[in-house]
Amino acid sequence: MVDKSYEAIVIGAGPGGYPAGIRLGQLGVKTLVVDKEYYGGVCLNWGCIPSKALIAAANTYQDLAKLETMGIRVEGASIDVGKLQDWKDGIVQKLTSGVKGLIKANKADSVIGTAKIVAKNRVEITLPDGKKELVEASKGIVVATGARVIQIPGMEIDGQTIISAREAVSLREAKGTMVVVGGGVIGMELGMVYQKLGMQVIVVELLPQILNGVDTDMVKVVQKAFEKTGGKVHVEHKVEKIERHPGGGAKVTIASKDGKTFAVDADKVLMAIGFKPNSEGLGLAEVGVKLDPRGHLVVNERLETSVPGIYAIGDVIGAPYLAHKATKEGEVVAEVIAGHKAAVDWRAMPSAIFTEPEIATVGLSETAAKEAGRAVKMAVRHTDGFVKTIVDAKTHEVLGVGIVGPEASDLISEASLAIEMCAFAEDVHLTVHPHPTLGEAVMESFKHALGEAIHVLNK
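In this report, we go over the structure that sits alongside the text. What you see is a predicted model; the values in this text were computed from it and never measured. (Residues numbered from 1 in each chain as written. Predicted model: local features only at pLDDT ≥ 70, side-chain atom pairs only at ≥ 80, totals over all residues. Heavy atoms only, no water.)

**Thoughts on the overall build of the chain**
What the chain contains, in helices and strands, is 13 helices and 22 strands. Taken over C-alpha atoms, the radius of gyration comes to 24 Å for the chain, in line with the 23 Å a tight globule of 459 residues would show. Dimensions of the chain, computed from C-alpha atoms along their principal axes, come out at roughly 70 × 65 × 50 Å. The buried share among the 459 residues of the chain stands at 49%. Counting contacts in the chain only where the partners sit at least 6 residues apart, residues at least 24 apart contribute 59% of the total. Element-wise, carbon and sulfur atoms account for 53% of the exposed surface of the chain, whose accessible area totals about 21900 Å². Separation of charge centres in the chain, based on 51 positive and 56 negative side chains, amounts to 2 Å. (Helix = DSSP H or I, 4+ residues; strand = E, 2+ residues; numbered from the N terminus. Rg over C-alpha atoms; globule rule 2.2 N^0.38 Å. Buried < 20%, exposed > 50% of the residue type's maximum accessible area, 1.4 Å probe, protein only. Contact = heavy atoms within 4.5 Å. Areas by Shrake-Rupley, 256 points an atom, 1.4 Å probe, with all protein chains shown as cover. Lys, Arg positive; Asp, Glu negative; His and termini not counted. Charge placed at Lys NZ, Arg CZ, Asp CG, Glu CD.)

Structure representation (structure tokens):
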């Protein structure tokens, strides 16, 4: 017997699920949002929001040393990592409370519990006290369960010595040595934080470069900055074994591709080798939902799975694993369920890496554009940071932009708009940008692509 009836049920209250619930409420669809743990998901609780707060604090602390060149002397500066964590926790608490309030304010219901799909229009929810409720959805069920950290057999996360990003954003000390297994986005973002806060950080990456898939020119700038602060990077290396010490810490054995090994005594080992979708235990196979070989839900342009009336959004449907992508999908799926003619139709999805300096990209890279058979013109200026613009050599259509440098994550939005509106290089080139601002670098790069730059030698 059904305990409650809704028009839509959203499983997961992360950056995809809660916007879906809010938008459904705005559209007048009676909705329930259910999450097994907390509002805001990984991003808000131990992902992008707390990590960016720590990144901002670490950068500010490091920048104090640079103030003397401006005539500003700061003597006896120190950092209390415990107090820093209290500040970060306060930010997270405010935002999670805000998410719950927004769901309610938009006339959607929410509940903490573990959800399982038992029919194409029914969900069984196990509440924290063990009681079960059967809830019905007449218009659609949205799976927004996200992803979790991949673990390596024999090197399982214990939360003390071997940690994931979840524990890394809450460390109350920054002493000793940290080995980061995986030089991807999370590994480099958090590795740079703790290097600046006082730890010796060693990054071990199996592939030929850190930040795999990112323009090599940009990666070189970030790696140089990391090593300048004392960080170490070992590419084409792997962690062979982690031996925990009885009193804490571990001996980490690292091997190069030619088989040579060396050992490092680490106080913390951060496992950052990637994520896998949270698609188990939801009853998906039982109702016939199709998954890809990695466990992601397969969806169409309307974000509907192989079972009509069951939809999926965010990390659980595959890469790129980006919070803003999940949010956009949450809004789209809400409009689909509400009966609007909506679909996933963006031309490019921007991404940002909050290292120091930041990296932000949108559209095709130089390599991808050439592999797609496009003749391209490029503009790039090599300093400690730059803007790289990729345009079609004949039409000047904007194909992609990459930025490495201060505030890259903010600057990339202009490039995203240019691609979305099918702009040409001239559109950005002829738009007046205020001086002196970092945004001028974007304009100058587009001018450079056309051979008309004023402040860069045209080649």
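**A closer look at the nonpolar core**
Counting residues in hydrophobic clusters, the biggest one holds 48 residues, and the most contacted among them are Ile11, Ile117, Val123, Val143, Leu297 and Val333. Apart from residues no more than four positions distant in its own chain, Val333 is found in contact with Ala20, Val142, Arg302, Leu303, Tyr311 and Ile313. Listed in part, the 44 residues of the second largest apolar core include Tyr38, Val203, Val222 and Phe275. (Core = buried A, V, L, I, M, F, W, Y, C linked by side-chain atoms within 4.5 Å.)

**Description of the packing of aromatic side chains**
Scanning the model with the defined rule gives 0 aromatic pairs in all. Looking at Lys30, its charged tip hangs above the ring of Tyr6, at a distance of 5.3 Å from the centre. (Phe/Tyr/Trp six-rings, centres within 6.5 Å; stacked < 30°, edge-to-face > 60°. Lys NZ or Arg CZ within 6 Å of the ring centre and 35° of its normal.)

**Points about the state of the cysteines**
Under the definition given, this model contains 1 disulfide. Between the sulfur atoms of Cys43 and its disulfide partner Cys48 the distance amounts to 1.8 Å. In this structure, the disulfide formed by Cys43 and Cys48 twists by about -110° around the S-S bond and is classed as left-handed. (Disulfide = S-S within 2.5 Å.)

**Some details on the pattern of salt bridges**
Under the defined criterion, the tally for this structure stands at 22 salt bridges. Here Arg172 makes a salt bridge to Asp86, at a shortest N to O gap of 3.0 Å. Note that Arg172 is positioned in the loop between helix 5 (165-168) and strand 9 (177-181) and Asp86 in helix 4 (residues 81-105), a separation of 86 residues in sequence. Here Asp86 falls in the partly exposed class, since its relative accessible area comes to 45%. One salt bridge connects Arg374 with Asp392, and the closest N-O pair in it is separated by 3.1 Å. Here Arg374 is found in the loop between helix 10 (366-371) and strand 20 (376-379), whereas its partner Asp392 is found in strand 21 (residues 386-392), with 18 residues between them in sequence. Residue classification places Arg374 among the partly exposed positions, given a relative accessible area of 29%. On the basis of relative accessible area, Asp392 is assigned to the buried category, the value being 10%. In this structure, a network of salt bridges that share partners links the residues Asp215, Asp217, Glu366, Lys370 and Lys388. (Salt bridge = Lys/Arg side-chain N within 4 Å of Asp/Glu carboxyl O.)

**Topic: helix 4**
Between its terminal C-alpha atoms helix 4 stretches 36 Å, which fits the 36 Å expected from 25 residues at 1.5 Å a residue. Every buried residue of helix 4 is accounted for by Val81, Gly82, Leu84, Gln85, Lys88, Val92, Thr96, Val99 and Ile103. Against helix 1 (17-26), strand 2 (31-35), helix 2 (41-45), helix 3 (48-63), strand 3 (109-112) and helix 6 (185-197) lie the buried residues of helix 4. (Expected span 1.5 Å × (residues − 1).)

**Section: helix 1**
Taken across its 10 residues, helix 1 has 7 buried, putting it largely inside the fold. Residues of helix 1 that are buried: Gly17, Pro19, Ala20, Gly21, Ile22, Leu24 and Gly25. Where helix 1 ends, the next residue or the one after it, Gly28, has phi of about 80°, a positive value.

**Points about the sheet that holds strand 9**
Picture the strands of a sheet paired through backbone hydrogen bonds; they go either parallel or antiparallel. Overall, parallel pairing links the 5 strands, which are arranged 8-15-9-10-11 in an open sheet. Of all the strands in the sheet, just strand 8 (162-163) and strand 11 (232-235) have a single pairing partner and so form its edges. Judged from the 5 bridges that link them, strand 9 and strand 10 (residues 200-205) form a sheet pairing that is parallel. Across the sheet, the residue bridging to Thr177 is Gln200, located in strand 10. Against the sheet, helix 6 makes contact with strand 9, strand 10 and strand 15 (268-271), and its axis sits at roughly 160° relative to strand 10, the strand it touches most. Of the strands in this sheet, strand 10 and strand 11 are in contact with helix 7 (residues 216-228), which crosses strand 11 at around 135°. (Pairing = 2+ DSSP bridges. Axes fitted to C-alpha atoms, helices over the stretch in contact; angles between N-to-C directions.)

**Overview of the packing of helix 1 against helix 9 (residues 323-337)**
At their nearest, the axes of helix 1 and helix 9 sit 7 Å apart, and the two run at 35° to each other. When the axes of helix 1 and helix 9 are compared, the crossing they make is right-handed. Each of Pro19, Ala20, Arg23 and Leu24 in helix 1 lies in contact with helix 9, whose residues at this interface are Thr327, Gly330, Glu331, Val333, Ala334, Glu335 and Ile337. (Left-handed = near helix turned anticlockwise from the far one by under 90°.)

**Some thoughts on a nonpolar patch on the surface**
A surface patch of nonpolar side chains, amounting to about 290 Å² of accessible area, comprises Met70, Ile72 and Val74. Residue position: Val74 is located in the loop between helix 3 and helix 4. (Patch = residues over 30% accessible without salt bridge, like charges linked within 9 Å, V, L, I, M, F, W, Y side chains within 5 Å.)

**Section: unusual backbone geometry**
Geometrically, the link from Ala319 to Pro320 is a cis peptide bond, its omega value of 0° lying close to zero. Position of Pro320 relative to the elements: it lies in the loop between strand 17 (310-312) and helix 9. Cis geometry marks the peptide bond from Glu356 to Pro357, where omega comes out at 5°. Considering the arrangement of structural elements, one finds Pro357 in the loop between strand 18 (351-353) and strand 19 (358-363). Phi is positive for Glu407, which is not a glycine, with a value near 60°. Within the secondary structure, Glu407 sits in the loop between strand 22 (398-405) and helix 11 (408-420). If you check the backbone angles, Cys422 has positive phi at about 60° while not being a glycine.

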